[in-house]
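Working through the structure, step by step
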Amino acid sequence: GESVGLHLPTLSVQEGDNSIINCAYSNSASDYFIWYKQESGKGPQFIIDIRSNMDKRQGQRVTVLLNKTVKHLSLQIAATQPGDSAVYFCAENIAEDSSYKLIFGSGTRLLVRP
Amino acid sequence: DGGITQSPKYLFRKEGQNVTLSCEQNLNHDAMYWYRQDPGQGLRLIYYSQIVNDFQKGDIAEGYSVSREKKESFPLTVTSAQKNPTAFYLCASSSQTDEAFFGQGTRLTVV
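I will try to describe carefully the structure that is included in this document. (Residues numbered from 1 in each chain as written. Chains lettered and ligands numbered in written order. Predicted model: local features only at pLDDT ≥ 70, side-chain atom pairs only at ≥ 80, totals over all residues. Heavy atoms only, no water.)

Such a bond, covalent and formed between the sulfur atoms of two cysteines, is termed a disulfide. Inspection of the entire model under this criterion finds two disulfides over all chains. Here Cys23 of chain A is linked by a disulfide to Cys90 of chain A, with a sulfur-sulfur distance of 1.6 Å. Taken together, the residues span a long stretch of sequence, with Cys23 of chain A in strand E2 (residues 19–24) and Cys90 of chain A in strand E8 (residues 86–96) at a distance of 67 residues. With respect to class, Cys23 of chain A is no different from Cys90 of chain A; both count as buried. Between the sulfur atoms of Cys23 of chain B and its disulfide partner Cys91 of chain B the distance amounts to 1.9 Å. (Disulfide = S-S within 2.5 Å. Helix = DSSP H or I, 4+ residues; strand = E, 2+ residues; numbered from the N terminus. Buried < 20%, exposed > 50% of the residue type's maximum accessible area, 1.4 Å probe, protein only.)

Residues and elements named next belong to chain B. Spatial ordering of the open sheet is given by E1-E3-E8-E7, a layout of four strands whose pairing is antiparallel. Each end of this open sheet is capped by a strand with a single partner; those strands are strand E1 (4–7) and strand E7 (64–66). Between one strand axis and the next, the sheet turns through 20° on average, direction left out of account. Bridge analysis of E7 against strand E8 (residues 76–78) gives three bridges, and the strand direction is antiparallel. In the strand pairing of E8, Val66 is matched with Leu76. (Pairing = 2+ DSSP bridges. Axes fitted to C-alpha atoms, helices over the stretch in contact; angles between N-to-C directions.)

Let's shift gears to the packing of aromatic side chains. Taken as a whole, this structure holds 11 aromatic pairs over all chains when the rule is applied. Where Tyr33 of chain B meets Tyr48 of chain B, the ring centres are 6.4 Å apart and the plane angle is 15°; that geometry is what we call stacked. Placement of the pair is Tyr33 of chain B in strand E4 (residues 31–37) and Tyr48 of chain B in strand E5 (residues 43–51), with a sequence separation of 15 residues. Among the residues examined, Tyr33 of chain B registers a relative accessible area of 1% and is labelled buried. Taking the relative accessible area as the measure of exposure, Tyr48 of chain B reaches 1% and is therefore buried. Residues Tyr35 of chain B and Phe102 of chain B carry aromatic rings whose centres are separated by 5.8 Å and whose planes lie at 40° to one another, so their mutual orientation is tilted. Of this pair, Tyr35 of chain B sits in strand E4 while Phe102 of chain B sits in strand E10 (residues 101–102), and the two are 67 residues apart along the sequence. Judged by relative accessible area, Tyr35 of chain B falls into the buried class, the value being 1%. Look at Phe102 of chain B and you get buried, because its relative accessible area is 9%. Among the aromatic side chains, those forming a connected cluster through ring pairs are Tyr36, Phe89 and Phe104 of chain A together with Tyr33, Tyr35, Tyr48 and Phe102 of chain B. The residue whose ring lies beneath Arg51 of chain A is Tyr32 of chain A, and the NZ or CZ to ring-centre distance is 4.1 Å. (Phe/Tyr/Trp six-rings, centres within 6.5 Å; stacked < 30°, edge-to-face > 60°. Lys NZ or Arg CZ within 6 Å of the ring centre and 35° of its normal.)

Here the focus is the sheet that holds strand E7 (residues 72–77) of chain A. Two pairing modes exist for strands in a sheet, parallel and antiparallel, and in both the strands are linked by backbone hydrogen bonds. All names here are of chain A. Read from one edge of the open sheet, four strands run E2-E7-E6-E5, paired in antiparallel fashion. Edge positions in the open sheet fall to E2 and strand E5 (56–58), since each of these has one partner strand only. Strand-to-strand twist of the sheet, defined as the mean angle between neighbouring strand axes without regard to direction, takes the value 15°.

Written out as structure tokens, the structure reads:
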């Protein structure tokens, strides 16, 4: 399958530890942000989202934090498991003229050590 | 089943040929997107469409063309003008301001 993580920044964590993946976004007018997980050779899968009127949102084992002042997003994964190994992308929804477009960050590869 | 379907999964193209990648969704989404992904890289936006019969260029539209004649369908043509077409192509759809759902991708190789 496709090796999408060959040159991406890599975060290596011990199974059971917490993981924090960071992302800087570009457009101060962006009002919606999404984290995706991509496994080798597959399309990205939705993990969690957050709108700009919030600074924190929690899901099952995942938390997204949004700092609009410095245009920074983070994804926290609690009790990281081997199945969490993948490439993680943040995406921002940018309003342009009368339409929206979804722009992705460069991604981080998460490796979970057993 | 509701979802977004890309075909074919693998596609081989001879240099100088145009090829068309299919993307179909039955999620009743207005917005559809095409991205290109190179090994070890992120997703780059090629074209996007918010409604039928309308579409906009993304960051790397040169050498590609699209159409949006039906809400369900957003085919991407890789033309001979695209000098380095070998890549993994991903299609997505969304209801404008909610999360986008992705297909499983088409891997295009120039032979």
